[in-house]
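The primary structure of each chain is shown beneath.
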Amino acid sequence: NYPYAISETQTQLNVIQPTSPIETTFSPILTVTPGADVPLTDQHIVNRNNKTSYTQQWNLHVQRRLTDDLIAEVGYVGNKGTHLTMFTNGNTALPGPGDPNPRRPWPVLGATSVMDNVATSNYSGLQAKLEKRFARGLTYRVNYSFSKTIDVGGAGFSNSAAPQNPNYSAGDRAISALDRTHILS
């Protein structure tokens, strides 16, 4: 029943011959009710009003020939991710002393994982390239990038980090784990 789902992972089934018929492979627990014996790690809620994730990308580059065989290029690259997927605790207890369960909106459920599209990401970078085209037996290319990656929710779906306050995920906006400020190659 909405909004619950049960998460199960099955691997190496029926590799050589059928040993796990579909009737007995998956858990017999098909619905989750308050107080059901389903591990908390298997209780997930998917937001009924999930929005489609999308990214926007833009760039502007200028290239100039310095000599007959030497080219310089400088550019700006930007990327913005919106409505990215993140898991949050949908049953967060209000701050206070003692057992948190009585302070939760649904005390019987305990901590509950909610998949929602509230994460964001932003990348801005200056890129520079110096390229010497083949002449007199020599060629090379030097690339440099100065950039910043900021996000809410971590480095992606399976690596996302739940916000400290699920009612205000923007409070966790910070430098991304994917940030590489200086890259020289």
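For the structure given in this document, a descriptive report is provided here.

Scoring rules and cut-offs
- Residues numbered from 1 in each chain as written.
- Predicted model: local features only at pLDDT ≥ 70, side-chain atom pairs only at ≥ 80, totals over all residues.
- Heavy atoms only, no water.
- Salt bridge = Lys/Arg side-chain N within 4 Å of Asp/Glu carboxyl O.
- Helix = DSSP H or I, 4+ residues; strand = E, 2+ residues; numbered from the N terminus.
- Buried < 20%, exposed > 50% of the residue type's maximum accessible area, 1.4 Å probe, protein only.
- 1 Å grid on protein atoms, 1.4 Å probe; cavity = no way out; pocket = protein on both sides within 12 Å on 5 of 7 lines; lining within 4 Å.
- Points joined across faces, edges and corners; volume = space filled by probe spheres on them.
- Nonpolar A, V, L, I, M, F, W, Y, C, P; charged D, E, K, R; others polar.
- Pairing = 2+ DSSP bridges.

A few words on the pattern of salt bridges. One pass over the full model with this rule turns up 5 salt bridges. Residues Lys-129 and Glu-73 are paired through a salt bridge, measuring 3.6 Å at the closest nitrogen-oxygen approach. One end of the pair, Lys-129, is in strand β5 (residues 113–135); the other, Glu-73, is in strand β4 (residues 70–89), and 56 residues separate them in sequence. The partly exposed category is assigned to Lys-129, whose relative accessible area is 22%. The partner of Glu-131 in a salt bridge is Lys-129, and the shortest N-O contact between them spans 3.9 Å. Linked through salt bridges whose partners overlap, the residues forming this network are Glu-73, Lys-129, Glu-131 and Arg-141.

Attention shifts here to the layout of surface pockets. What the largest pocket holds in volume is close to 280 Å³. Taken together, 16 residues line the largest pocket, and the ones lying closest to its centre are Asn-89, Thr-92, Asn-165, Pro-166 and Asn-167. Elements represented by at least two residues in the lining of the largest pocket include exactly β4 and β5. Its residues assigned to classes, the lining of the largest pocket comprises 6 nonpolar, 8 polar and 2 charged.

Moving on: the pairing of β5. Looking along a regular strand, one sees the side chains alternate between the two faces of the sheet. Here β4 runs beside β5; their pairing, made up of 17 bridges, is antiparallel. Pairing of Glu-73 across the sheet is with Lys-129, part of β5. Bridge count between β5 and strand β6 (residues 138–152): 14 bridges; the pairing is antiparallel. Paired with Thr-120 across the bridge in β6 is Val-152. Taking the residues that link successive antiparallel strands as the turn, the β5-β6 hairpin has 2 residues, and the phi of Arg-136 there is positive, at about 50°.

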